[in-house]
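Understanding the architecture of this molecule
Letter by letter, the chains look like this.
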Amino acid sequence: MAAGAARTLLVVLLAGLVAGCGSIGLPDLDRPDTDIPRARLTSPPPPARGEEREHARILASYGGEYKDAALRASIEATVARLVAASERPDLRYRVTILNSPSVNAFALPSGSLYVTRGLLALANDRAELASVLSHEMAHVIARHAVEREEQVRQAAIVSKVISDVLQDPQLGALSLARSKLSIASFSRQQELEADAIGVGISAHGGFDPYGASRFLTSLGRHGALRDQALGGDSARGSSESLDFLSTHPSTPDRLAIVVTYARQFAGPGGTGERERDRFLAQIDGLAYGDDPSEGYVRGRRFIHPKLGFTFLAPEGFSLENTPQAVLGASAGGREALRLDAARPSGSEDLATYLASGWIDGIETPSVETLSLNGFDAATAVARGHEWSFRLYAIRFGSEVYRLIFAARSLTPEIDRQFRAAAQSFRRVSLQEADKLRPLRLKVVTVQPGETAESLAGRMAPLDHPLDRFLVLNGLERGQPLQPGQKVKIVVE
């Protein structure tokens, strides 16, 4: 595949924001009586001078702070209870809810705790939330970020010495690559240790120690559903290398850790508090999915009222709105799309821009200019070894929107579908914009005769509605609902 085409395809299929939370030797799982790991009692460093800058950067990356004073106070109360049960009851933490639909939580070394509203939406009781918070507290108590930073610094020094002293840049690069693999492994060990320590903190705080296993199960199913929506393994490319270099271990590894340690506190039925109904009441009305200022995904349609445009993806596509681009893929992962914006030179015509080098493999005879619902546009075909692309550049105000379709095999029929999707790009009317409402969670009580299927049918237009309902509520397919049970649905 041409290098530029490969770069574009990688962005199309793999783009997304994955932020990791930031542990020492792995516990011996062969010994059922293994003690819960205890973090070394060393004081976390004081807030770094640049920590406020890091806080500002995090807010910018995650859509700012989600303002809900009552929900934040509830999380702070949970944190205070966990702190009192931890090895470091003297520590203080600052809690920030991030306005992001991604499922994530992490901590800075000084004790700043961050949790996304997407994570809060996925949790189903306070014990699950406590397991996440105690995991992040374990990172702070054990100074994992500080230890990892030291490993990174030492790896850089070793690489520089090899390159400069031995005058062998290739050997230096190889040393740095091996060091990065070692750091990745070290980080995964930290994650597993933080899971184990977190179970102990949560259990000592009076929460059900199996909250971690329930949440990690939901997390794994959420990831699988996301992969399914964006085309599965074939659409994500070489997932094995990505997983290997990830700072997070696989969910099965983490589940083995948390279940082993939870059993030291309770049998499979669990003990301790879960506070399910109280927690669900506090997230009732929580914003769900995209931030309205970043546009909406409604089934196959993407609508951006603020920027004033919309388009409809081809039949069978699922869409995901990220801070960098709108991504989409077919169910089988053999077709994909990306929509983003660029600002080429004002004097450059769109046909010239298409052939300017931002993607290789352009077939020059395929370049043509056209009008899409009154907007100047240009289109072309580019081909690589494994993928082919139908490209569009559309001038909309001061921006040029790049609509990139990719296919394993760009047959005439698939190309017609891509062209039809591009033709759907148009301006949003004021009436359409006024009718749009952001999505939110609504907690409802199951009535006699209601099923997962009927409740999923009450949700706002989403792809895979039944699967999303089940994942959102930690339910298995076919699991009966009980009258009086509280469940979450997504509404406008």
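Above this text is the structure in question.
For every chain, the first residue of the written sequence is number 1, and numbering continues from 1 onward in sequence order. Where local features are concerned, this predicted model is filtered to residues with pLDDT of at least 70; where side-chain atom pairs are given and counted, the filter is 80 or more; whole-chain, interface and lining totals use all residues. Based on all heavy atoms of the structure, the side-chain values leave hydrogens and waters out of the count.

Examining the packing of aromatic side chains
- Centre distance within 6.5 Å is the pairing criterion for rings of Phe, Tyr and Trp, where only the six-membered ring of Trp is used; planes under 30 degrees apart are then read as stacked, over 60 as edge-to-face, and the remainder as tilted. Following the criterion strictly, the structure yields 14 aromatic pairs and no others.
- With 6.0 Å between their ring centres and 65 degrees between their planes, Phe396 and Tyr401 make a pair best called edge-to-face. Judged on exposure class, the residue Phe396 and its partner Tyr401 are both buried.
- Pairing Phe405 with Phe418 gives two aromatic rings, centres 4.6 Å apart and planes at 15 degrees, and the pair type is stacked. Of this pair, Phe405 sits in strand S13 (residues 399-407) while Phe418 is found in helix H14 (residues 412-423), placing the two residues 13 residues apart along the sequence. The pair formed by Phe405 and Phe418 is uniform in burial state, with each residue classed as buried.
- Ring pairs connect the aromatic residues Phe302, Phe309, Phe311, Phe375, Phe396, Tyr401 and Phe425, which therefore count as one cluster.
- Our definition puts a charge over a ring when NZ of Lys or CZ of Arg is within 6 Å of the ring centre and also within 35 degrees of the ring normal. The lysine or arginine in question, Arg81, covers the ring of Phe207, its NZ or CZ lying 3.9 Å from the ring centre. Buried residues are those whose accessible area, probed at 1.4 Å on protein chains only, stays under 20% of the maximum for their type, while exposed residues exceed 50% and partly exposed ones sit between those limits. What counts as a helix is a DSSP run of H or I of at least four residues, what counts as a strand is a run of E of at least two, and both are numbered from the N terminus.

So, the sheet that holds strand S3 (residues 112-116)
- Spatial ordering of the open sheet is given by S1-S3-S2, a layout of three strands whose pairing is mixed. Each having just a single partner strand, strand S1 (94-98) and strand S2 (105-107) make up the two edges of the open sheet. Direction aside, neighbouring strands of the sheet carry axes that sit 15 degrees apart on average.
- Two strands are said to pair when DSSP picks up at least two bridges between them. Sheet analysis places S1 next to S3, joined by five bridges and oriented parallel. From the neighbouring strand, Arg94 faces S3, where its bridge partner is Ser112.
- Packing of helix H2 (residues 51-61) onto the sheet brings it into contact with S1, S2 and S3, and relative to S1 it is tilted by some 25 degrees.
- Working rule for contacts: check all heavy atoms of both residues, and any pair within 4.5 Å makes them a contact. All axes are obtained by fitting lines to C-alpha atoms, using only the stretch in contact for helices, and the reported angles, taken between N-to-C directions, cover 0 to 180 degrees. Across the sheet, helix H5 (residues 126-141) lies against S2 and S3, angled at about 25 degrees from S2, the strand it touches most.

Some points on the pattern of salt bridges
- Here, a salt bridge means any side-chain nitrogen of Lys or Arg that lies within 4 Å of a carboxyl oxygen of Asp or Glu. Scanning the model with the defined rule gives 27 salt bridges in all.
- Its salt-bridge partner being Glu363, residue Arg383 comes within 2.8 Å of it at the nearest N-O pair. Of this pair, Arg383 sits in strand S11 (residues 375-383) while Glu363 sits in the loop between helix H13 (350-354) and strand S10 (368-372), and the two are 20 residues apart along the sequence.
- We classify Arg383 as partly exposed; its relative accessible area is 36%.
- For Asp467, the salt bridge identified is with Arg477, shortest N-O distance 2.4 Å. Placement of the pair is Asp467 in helix H17 (residues 465-472) and Arg477 in the loop between H17 and strand S16 (486-491), with a sequence separation of ten residues.

Regarding the pairing of S11
- S11 sits mainly inside the fold: seven of its nine residues count as buried.
- Where S10 lies against S11, five bridges are found, and the strand directions are antiparallel. Bridge assignment links Leu370 to a residue of S11, and that residue is Ala377.
- Connecting the antiparallel pair S10 and S11 is a turn made up of two residues, with Asn373 showing a positive phi of about 50 degrees.
- Pairing analysis gives seven bridges linking S11 to strand S12 (residues 388-396), with the strands arranged antiparallel. Residue pairing in the sheet places Ala378 in a bridge with Ala393 of S12.
- Hairpin connection, S11 to S12: the antiparallel pair is bridged by four residues.

Some words on the sheet that holds strand S14 (residues 426-427)
- Ordered by their spatial adjacency, four strands build an open sheet running S4-S5-S6-S14, and the pairing between neighbours is antiparallel. One side of each edge strand has no neighbouring strand; the edge strands of this open sheet are strand S4 (296-298) and S14.
- Here four bridges tie strand S5 (residues 301-304) to strand S6 (residues 309-312), and the two strands are oriented antiparallel to one another. Looking across to S6, one finds that Arg301 is bridged to Leu312.

Focus on the packing of helix H3 (residues 69-85) against H5
- At their nearest, the axes of H3 and H5 sit 10 Å apart, and the two run at 60 degrees to each other. Put simply, H3 runs oblique to H5. For the pair H3 and H5, the crossing hand works out as right-handed. Every residue of H5 that contacts H3 at Ser74, Ile75, Thr78, Val79, Leu82 and Val83 is listed here: Arg126, Leu129, Ala130, Leu133, Ser134 and Met137.
- The classification used treats Ala, Val, Leu, Ile, Met, Phe, Trp, Tyr, Cys and Pro as nonpolar, Asp, Glu, Lys and Arg as charged, and all other residues, Gly among them, as polar. Partitioned by chemical class, the residues of the contact of H3 with H5 number eight nonpolar, three polar and one charged. The scheme is simple: roughly parallel for angles under 35 degrees, roughly antiparallel for over 145, roughly perpendicular for 65 to 115, oblique for anything else. It is the rotation of the near helix from the far one that decides the hand of a crossing: anticlockwise by less than a right angle makes it left-handed, clockwise makes it right-handed.

The values reported here are purely geometric and, on their own, carry no functional implication.
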